[in-house]
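Descriptive structure summary
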Amino acid sequence: MADRETGVVILGSTGSIGRQAAEVIARMPGRLRAVALAAGRDGARLLEQVRRLRPEAVALEDPEAGRAWRPALEREGVKVLVGPGAAEELAAWPGATRVLSAITGAAGLRPTLAALRAGRDVALANKESLVAAGALVTRQAAAAGVRIIPVDSEHSALFQCLQGRSPDEVERLVLTASGGPFRGWPAEALHRVTPEQAVRHPNWSMGAKISVDSATLMNKGLEVIEARWLFGLPASRIGVVVHPQSVVHGLVELADGATVAVLAPPDMRQPIQYALCYPERGPRLVERLDLAAVGKLTFEEPDTRTFPCLDLAYRALEAGGTAPAVLNAANEEAVAAFLAGRLSFPGIAETVAAVLAAHRPRPVTGLDDVLEADAWARDQARARVAAGAPGPGLR
Ligand SMILES: NC(=O)C1=CN([C@@H]2O[C@H](COP(=O)(O)OP(=O)(O)OC[C@H]3O[C@@H](n4cnc5c(N)ncnc54)[C@H](OP(=O)(O)O)[C@@H]3O)[C@@H](O)[C@H]2O)C=CC1
Ligand SMILES: CC(=O)[C@@H](O)[C@H](O)COP(=O)(O)O
Ligand SMILES: [Mn+2]
């Protein structure tokens, strides 16, 4: 174990990953310390976290929530940043050497870049920043001489499998996918699914957006792109297999025909802890994996006819340049519309496919290229949603 405490900034502390990270940190006093917490608008949960973790600073990105909660937060003796850009500013908070990037969506991109620019190692849950701007994010990490340590369960597994291996030992990476709540359903039945059904993931309790992504298989598509940037392999050497039990998280096929994998209970506290403590391992915080109790581990091909988003992501990765940013932004808009009852479940893939088809990818030379493509895709997606048939919405 390291003899020095690691100061951690949690971006997205009030979300699913952020709350689990707060628990991991609270259970490792003397080894991990939360020095700053950034949230979107959940001031009540942020205040509760301040009382428990005693950070030096907090941020609330939403100006209204910031106005409402600033007095109570300041009474706790903590520095409070409020409004657009607050999370980005907090990402470079002094006292920290590691930043957990766990804001959802492309909103996490600027704070992630800011953390890297400030020379912090980044424990990355916010896969959308790598999808939208993988070249920029990895270039920024290299320029600053810092590490990106994956938090996403599959990538954490692959990262763990790859420790100590040289690139020429590795033939192919395989990400597992649960298949989501609608695995095995006929395409016709998907027109009637509700957001409540879509966010009910069979194995993980996660935020609404990633849960819907799991249900459409877009999550796996985003993860293929994420793996491309984290591990530097082309799409042709990154595969996906459906594994409904979510016990095997990632597999590395080696050049001599052996395959190594990480198995663990579906519990994000393990990859979060690993990313915060890396290169050391912390003590066990999760249950032992009891394979006899699990019984069967099964594997099957993804059904990309019924769930076309995985193929759309491969297509965007192949097209390159601004195409993945467009895929991601159109998906974010479509998922938000589905959750709000303005789009059917199959409408998510239809919207993303249409926006991607209308896009002429351009090279990414800087952040402006990504932001411009992102804004264009959101406009396109909103216009298509407005012209289309609504869905049942999240009650
Ligand atoms: N949940 C999981 O198990 C996994 C998640 N991930 C990835 O981790 C990321 C977070 O997911 P998850 O925790 O499920 O999401 P949640 O929706 O549960 O949490 C999102 C967090 O981001 C904050 N946030 C949202 N928008 C902004 C903004 N504009 N500025 C600042 N903060 C903002 C929210 O604040 P508030 O609530 O206060 O508004 C909240 O703290 C995603 O990229 C996801 O793909 C990856 C693997 C597993
Ligand atoms: C926990 C995690 O890493 C999620 O990204 C998870 O992988 C989602 O499950 P799916 O495999 O259904 O996309
Ligand atoms: Mn994952």
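Residues numbered from 1 in each chain as written. Chains lettered and ligands numbered in written order. Predicted model: local features only at pLDDT ≥ 70, side-chain atom pairs only at ≥ 80, totals over all residues.

1. Details of the UniProt feature "domain: 1-deoxy-D-xylulose 5-phosphate reductoisomerase C-terminal" (unreviewed entry) in the protein chain
The sites that UniProt annotates as "domain: 1-deoxy-D-xylulose 5-phosphate reductoisomerase C-terminal" (unreviewed entry) are residues 148-231. Structurally, residues 148-231 comprises 44% helix and 13% strand, and the distance from its first C-alpha atom to its last is 11 Å. (UniProt positions renumbered as here; feature names shortened; annotations may be inferred. Helix = DSSP H or I, 4+ residues; strand = E, 2+ residues; numbered from the N terminus.)

2. Observations regarding the site of ligand 1
Around ligand 1, 29 residues are found, and the nearest of them are Gly15, Gly40, Asp42, Met206 and Gly207. Going through the elements one at a time, helix 1 (16-26), strand 2 (32-39), helix 6 (127-144) and helix 9 (208-216) are the ones with two or more residues in the shell around ligand 1. Examining the composition of the shell around ligand 1, we find that three residues originate from one element, helix 1, more than from any other. Each residue belonging to the shell around ligand 1 can be placed in one class, and the counts come to twelve nonpolar, ten polar and seven charged. In this structure, the shell around ligand 1 is formed jointly by two domains, domain 1 (6-151) and domain 2 (156-387), each of which donates at least three residues. (Near = placed C-beta within 6 Å. Nonpolar A, V, L, I, M, F, W, Y, C, P; charged D, E, K, R; others polar. Domains from an automatic or database assignment.)

3. Examining helix 9
Judged by how many residues are buried, helix 9 sits mostly within the fold: eight of nine residues are covered. Looking only at helix 9, the buried set comprises Lys209, Ile210, Ser211, Val212, Asp213, Ser214, Ala215 and Thr216. Those residues of helix 9 hidden inside the fold are in contact with helix 8 (195-198), helix 10 (218-231), helix 13 (309-319), helix 14 (323-339) and helix 15 (345-358). Just past helix 9, the residue leucine 217 takes up positive phi, approximately 75 degrees. (Buried ≥ 20, exposed ≤ 12 C-beta atoms within 10 Å, placed from the backbone. Contact = placed C-beta atoms within 7 Å.)

4. Examining the nonpolar core
Within the largest apolar cluster, 123 residues are counted, with the highest numbers of intra-cluster contacts made by Val9, Ile10, Ala38, Leu90, Leu100 and Ala313. Both of domain 1 (6-151) and domain 2 (156-387) provide at least three residues apiece to this core. When near neighbours in sequence (up to four residues on either side) are disregarded, leucine 90 contacts Val9, Ala36, Ala38, Ala57, Ala59 and Leu81. (Core = buried A, V, L, I, M, F, W, Y, C linked by C-beta atoms within 7 Å.)

5. Considering the site of ligand 2
All residues in the neighbourhood of ligand 2 are listed as Asp152, Ser153, Glu154, Ala177, Ser178, Gly180, Trp204, Ser214, Asn219, Lys220 and Met268. Those elements that provide at least two residues to the shell around ligand 2 are helix 7 (153-162) and helix 10.

6. Considering the domain arrangement of the protein chain
Interfaces are frequently sized by the accessible area removed from exposure as the parts join. The assigned domain composition of the protein chain is domain 1 (6-151) and domain 2 (156-387). With centres defined by C-alpha atoms, the gap from domain 1 to domain 2 works out at 23 Å. Counting residues at the interface gives 33 residues for domain 1, matched by 33 residues for domain 2. Taken together, the elements giving at least two residues each to the side of domain 1 that touches domain 2 come down to strand 1 (6-11), helix 1, strand 5 (98-101), helix 6 and strand 7 (148-150). Per element, the largest residue contribution to the side of domain 1 that touches domain 2 is ten residues, and it comes from helix 6. Split into classes, the residues belonging to the side of domain 1 that touches domain 2 amount to 19 nonpolar, eight polar and six charged.

7. Some remarks on the packing of helix 13 against helix 15
Following both chains from N to C, one finds helix 13 and helix 15 inclined at 20 degrees, their axes separated by 10 Å at the closest point. As judged from the angle between their axes, helix 13 and helix 15 are roughly parallel. Here the hand of the crossing between helix 13 and helix 15 comes out left-handed. The residues of helix 15 that touch helix 13, namely those facing Cys309, Leu312, Arg315 and Ala316, are Ala349, Val352, Ala353 and Leu356. Of the residues contributing to the contact of helix 13 with helix 15, the split by class is seven nonpolar, no polar and one charged. (Axes fitted to C-alpha atoms, helices over the stretch in contact; angles between N-to-C directions. Parallel < 35°, antiparallel > 145°, perpendicular 65-115°, else oblique. Left-handed = near helix turned anticlockwise from the far one by under 90°.)

8. A look at the sheet that holds strand 8 (residues 170-177)
Pairing within the open sheet is mixed, and its four strands lie in the order 9-8-10-11. Two strands in the sheet have a free side with no partner beyond their single neighbour: strand 9 (238-242) and strand 11 (259-263). Adjacent strand axes in the sheet meet at a mean angle of 20 degrees, parallel and antiparallel pairs treated alike. The pairing of strand 8 with strand 10 (residues 248-254) spans five bridges and is classified as antiparallel. Across the sheet, the residue bridging to valine 174 is leucine 251, located in strand 10. Set on the sheet, helix 7 makes contact with strand 8, strand 10 and strand 11; between it and strand 10 the angle comes to about 40 degrees. (Pairing = 2+ DSSP bridges.)

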